[in-house]
Amino acid sequence: MTAQTETAGGFATAAKSAAGYLDQAANSHGAEKIGMTLRALQTKTGAAHLVEIGPGGGAALNHLTETLTATADRRGTLDVTLIEAPGIVSQTLAEAVENYNASKLGTCTLITGFAQELDSILGRAVDVVAASALMHEVYSYGNGYRGIHEMMRTLPIVLKPGGHFAYRDVYTVDAPTLHETVTQTYTDGVWLQFIRMFVPQYLSDGRHPYHHSADDPTVRQNSRTVALEKIDPKTSAIITGPIGLFREIQRHYITFRDYAWRSGALGFIPDLDGRFSADWIDADAGHKRVHFTLTESLSPRQRALMTTVSERFEDHYVMDGDRFDEWTDAALVDLLTSAENGDERCGTVWGEWIEREGHETYGYLTPGELLAKFAISSAEAKTGTVMMPRTLRDVVTAERAYYTRYLRRLPNPLPDGKLLVLFTNIPVTDTDALTTGLATLAHLCSREDMTRLNSALAQM
């Protein structure tokens, strides 16, 4: 997907190709991943060519196969090219490719390469390019903003005029800029301990945009300023810093919590991917029953307490999601404390997660900035086309109700979700489509960004 850098935050190829990551953790939400792609394909007549960058464990491809197989009025064959970074291997992806080729819908081929080099990898222009959770990795491991801009300039070259880019990634923040200074309060010990351990290494070793003088976070406890490394988890903290950094704290905490769950080090492993992973009490509110198994790392006393407040279900246990979150936070305190105190097993869990995801930046641009940058960069590519969403229906925020419900435990939660965008590679000669696209961007982008876009279009 993205070219590996020589920095301390280099792409963790081995960790990200592990079966527990791609074949399970990154192999979900297929319908959401392919939703915008299906909309794009509905506009095509006859045979078409789809390219998916970073196919992960094949969730999107599997859902595409199922959907097209069940569609009676298919408009033609669909050839699919999957592009994955060298060294990334997934057994479930290999099975998804085999299933697609057996379906007679078209051909599916897996090749290796980097997202910024699409124009040299592909021998012909394509109808649709799709990518999920790609752009934050381009930013984190592919030369930061330069990598993002290279990607944006490459896409209109490889797409046919009128072609589409179906994009899905982490929603950042609803703010004019990631550098907007805000103040947040943290009262929960596990969050304070995570901030103490995570934020200093992230600011030191990760690729991030928080280098302005005003970006340096300030922590106050008991009316005194303290260093990030000196935060006392037993005392509430008031922290002032860029809103994007707080988004990073939230997002990374959630990914670490999921990683700790899967590791078994907490003493229990919830069903995050199987048939019981969506046992909703109220799906709209994100309230669920959590199915879980116990591991050997749970002490006899903890086992007795946990089984007392759980219900037996087949060969495992089930518990209300709110109560399960309480148990998780308490167990995370023990794990983080043990890791800081030199416990080898807990330190390994923390170190492995840092290697795999602790250097990544999920919020590199706000939605308005992202849309404007795509349009401006594509205009600068001088292909006679410009990439933008044509209507407001082409920009969707998919809320993560389960995570958002959990984050409401914080005094200042930032909603969690995914940003879905369907970009169209609009020829500048198509006045109607260009006018409609610009009107859409005017609703979503700042006046300054629209001015820069109009200047770029004037020079085409």
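None of the values given here were measured: they were computed from a predicted structure.

**What to know about the overall build of the protein**
Part 1 of the reasoning: Helix and strand content of the protein: 17 helices and 17 strands.
Part 2 of the reasoning: In terms of overall size, the protein behaves like a compact globule, its C-alpha atoms giving a radius of gyration of 23 Å where 460 residues would be expected to give roughly 23 Å.
Part 3 of the reasoning: Evaluated residue by residue, the protein yields a buried proportion of 55% over its 460 residues.
Part 4 of the reasoning: The contacts in the protein between residues at least 6 apart in sequence include a share of 80% that link residues at least 24 apart.

**What to know about the pattern of salt bridges**
Part 1 of the reasoning: Tallied over the full model, the rule gives 17 salt bridges.
Part 2 of the reasoning: Across the pair glutamate 150 and arginine 146 runs a salt bridge, and its minimum N-O distance is 3.9 Å. With glutamate 150 and arginine 146 both in helix α8 (residues 144-158) and four residues apart, this pair spans about one turn of that helix.
Part 3 of the reasoning: Residue glutamate 150 is classed as partly exposed on the basis of its relative accessible area, which comes to 27%.
Part 4 of the reasoning: For arginine 146, a relative accessible area of 51% translates into the label exposed.
Part 5 of the reasoning: Linking arginine 452 and aspartate 449 is a salt bridge whose minimum nitrogen-to-oxygen distance equals 2.5 Å. On the criterion of helical spacing, the pair formed by arginine 452 and aspartate 449 is a turn pair, its members being three residues apart in helix α17 (residues 447-458).

**Quick look at the nonpolar core**
In globular proteins that are soluble, nonpolar side chains generally tend to be buried together.
Part 1 of the reasoning: Counting 57 residues, the largest nonpolar core has Tyr186, Trp191, Phe256, Phe268, Leu335 and Trp350 as the members making the most contacts within it.
Part 2 of the reasoning: With 10 residues, the top contributor of residues to this core is helix α10 (residues 243-263).
Part 3 of the reasoning: Each residue touching leucine 335, except ones within four places of it in the same chain, is listed here: Phe256, Ala260, Ala265, Leu266, Cys346 and Val349.
Part 4 of the reasoning: Among the nonpolar cores identified, the runner-up in size contains 47 residues, and Val51, Ile148, Leu371 and Ala372 belong to it.

**Some thoughts on the packing of α10 against helix α12 (residues 321-340)**
Two quantities define a packed helix pair, namely the angle between the helix axes and the distance between the axes.
Part 1 of the reasoning: Axis separation between α10 and α12 bottoms out at 11 Å; the angle between their running directions is 85°. When the interaxial angle is binned, α10 and α12 end up roughly perpendicular. The segment α10 lies against α12, with Tyr253, Phe256, Arg257, Ala260 and Trp261 engaging Phe324, Asp325, Thr328, Asp329, Leu332, Leu335 and Leu336.
Part 2 of the reasoning: Classifying every residue of the contact of α10 with α12 by side-chain character gives eight nonpolar, one polar and three charged.

**A few points about unusual backbone geometry**
Part 1 of the reasoning: The residue lysine 104 is not glycine, and still its phi comes out positive at about 65°.
Part 2 of the reasoning: With respect to the helices, strands and loops of the structure, lysine 104 is situated in the loop between α5 (91-102) and β3 (108-112).
Part 3 of the reasoning: On the basis of relative accessibility, which here comes to 68%, the residue lysine 104 falls in the exposed class.
Part 4 of the reasoning: The residue serine 223 is not glycine, and still its phi comes out positive at about 65°.

**A closer look at the packing of aromatic side chains**
Part 1 of the reasoning: Overall, the coordinates contain 29 aromatic pairs when judged by the stated rule.
Part 2 of the reasoning: Note on tryptophan 191 and tyrosine 253: the rings are 3.9 Å apart at their centroids and 15° apart in plane angle, and the pair reads as stacked. Of this pair, tryptophan 191 sits in helix α9 (residues 189-205) while tyrosine 253 sits in helix α10, and the two are 62 residues apart along the sequence.
Part 3 of the reasoning: Summarising the aromatic geometry, the rings of phenylalanine 198 and tryptophan 353 are spaced 5.8 Å apart at their centres and angled 55° between planes, so their arrangement reads as tilted.

**Structural notes on the confidence of the model for the protein**
Part 1 of the reasoning: With 94% of its residues at a pLDDT of at least 70, the protein reaches an overall mean of 90.
Part 2 of the reasoning: Within the model, the stretch residues 1-9 combines pLDDT values under 50 with 41 contacts to residues more than four positions away or in other chains.
Part 3 of the reasoning: Every residue in residues 22-26 is under pLDDT 50, and counting partners more than four places away or in other chains gives 22 contacts.

**Some remarks on the layout of surface pockets**
Part 1 of the reasoning: Roughly 350 Å³ of volume is contained in the second largest pocket.
Part 2 of the reasoning: Around the second largest pocket, the lining comprises 16 residues; the ones closest to its centre are Leu41, Gln42, Leu68, Arg74 and Arg75.
Part 3 of the reasoning: Elements with a contribution of two residues or more to the lining of the second largest pocket: α3 (30-41) and α4 (59-69).
Part 4 of the reasoning: Its residues assigned to classes, the lining of the second largest pocket comprises six nonpolar, six polar and four charged.

**Points about the environment of threonine 225**
Part 1 of the reasoning: Summarising the element assignment, threonine 225 is placed in strand β8 (residues 224-226).
Part 2 of the reasoning: Given a relative accessible area of 52%, threonine 225 falls into the exposed group.
Part 3 of the reasoning: Distance in space between the C-alpha atoms of threonine 225 and isoleucine 238 is 9.4 Å, their sequence separation being 13 residues.
Part 4 of the reasoning: In this structure threonine 225 touches Thr218, Val219 and Arg220, once residues within four positions along its chain are discounted.
Part 5 of the reasoning: A distance of 2.9 Å separates the side chain of threonine 225 from the side chain of arginine 220, its partner in a polar contact.

**Considering the sheet that holds strand β6 (residues 181-186)**
Part 1 of the reasoning: Here we have four strands laid out as an open sheet, ordered β6-β9-β7-β8, and antiparallel in their pairing. The outermost strands of the open sheet, each flanked by one partner alone, are β6 and β8. Each neighbouring strand pair of the sheet contributes to a mean axis angle of 30°, computed without reference to strand direction.
Part 2 of the reasoning: Lying on the sheet, α10 is in contact with β6 and β9 (237-242); it crosses β9 at an angle near 120°.

**Observations regarding the pairing of strand β15 (residues 385-388)**
Part 1 of the reasoning: Burial along β15 is two-sided: the face carrying Thr385 and Met387 and the face carrying Val386 and Met388 are both buried.
Part 2 of the reasoning: In the sheet, β15 pairs with strand β17 (residues 417-427) via four bridges, with the strands oriented antiparallel. Within β17, the residue paired with methionine 387 across the bridge is asparagine 425.

**A few points about α17**
Part 1 of the reasoning: A rise of 1.5 Å per residue sets the reference length of α17, with its 12 residues, at 16 Å; its end C-alpha atoms lie 16 Å apart and thus fit the reference within 8%.
Part 2 of the reasoning: Taken together, the buried positions of α17 are occupied by Asp449, Met450, Leu453, Ala456 and Leu457. One side of α17 carries all its buried residues, which in axial view fall inside an arc of 120°. In α17, the exposed positions that point more than 90 degrees away from the buried face belong to Arg447, Glu448 and Ala458.
Part 3 of the reasoning: At its buried positions, α17 is contacted by α14 (367-380), β15 and α16 (431-444).

Parameters and conventions
Residues numbered from 1 in each chain as written. Predicted model: local features only at pLDDT ≥ 70, side-chain atom pairs only at ≥ 80, totals over all residues. Heavy atoms only, no water. Helix = DSSP H or I, 4+ residues; strand = E, 2+ residues; numbered from the N terminus. Rg over C-alpha atoms; globule rule 2.2 N^0.38 Å. Buried < 20%, exposed > 50% of the residue type's maximum accessible area, 1.4 Å probe, protein only. Contact = heavy atoms within 4.5 Å. Salt bridge = Lys/Arg side-chain N within 4 Å of Asp/Glu carboxyl O. Core = buried A, V, L, I, M, F, W, Y, C linked by side-chain atoms within 4.5 Å. Axes fitted to C-alpha atoms, helices over the stretch in contact; angles between N-to-C directions. Parallel < 35°, antiparallel > 145°, perpendicular 65-115°, else oblique. Nonpolar A, V, L, I, M, F, W, Y, C, P; charged D, E, K, R; others polar. Phe/Tyr/Trp six-rings, centres within 6.5 Å; stacked < 30°, edge-to-face > 60°. pLDDT = per-residue confidence, 0-100. 1 Å grid on protein atoms, 1.4 Å probe; cavity = no way out; pocket = protein on both sides within 12 Å on 5 of 7 lines; lining within 4 Å. Points joined across faces, edges and corners; volume = space filled by probe spheres on them. Polar contact = N/O pair within 3.5 Å; in protein donor to acceptor, adjacent residues only side chain to side chain. Pairing = 2+ DSSP bridges. Expected span 1.5 Å × (residues − 1). Arc of directions from axis to C-beta.

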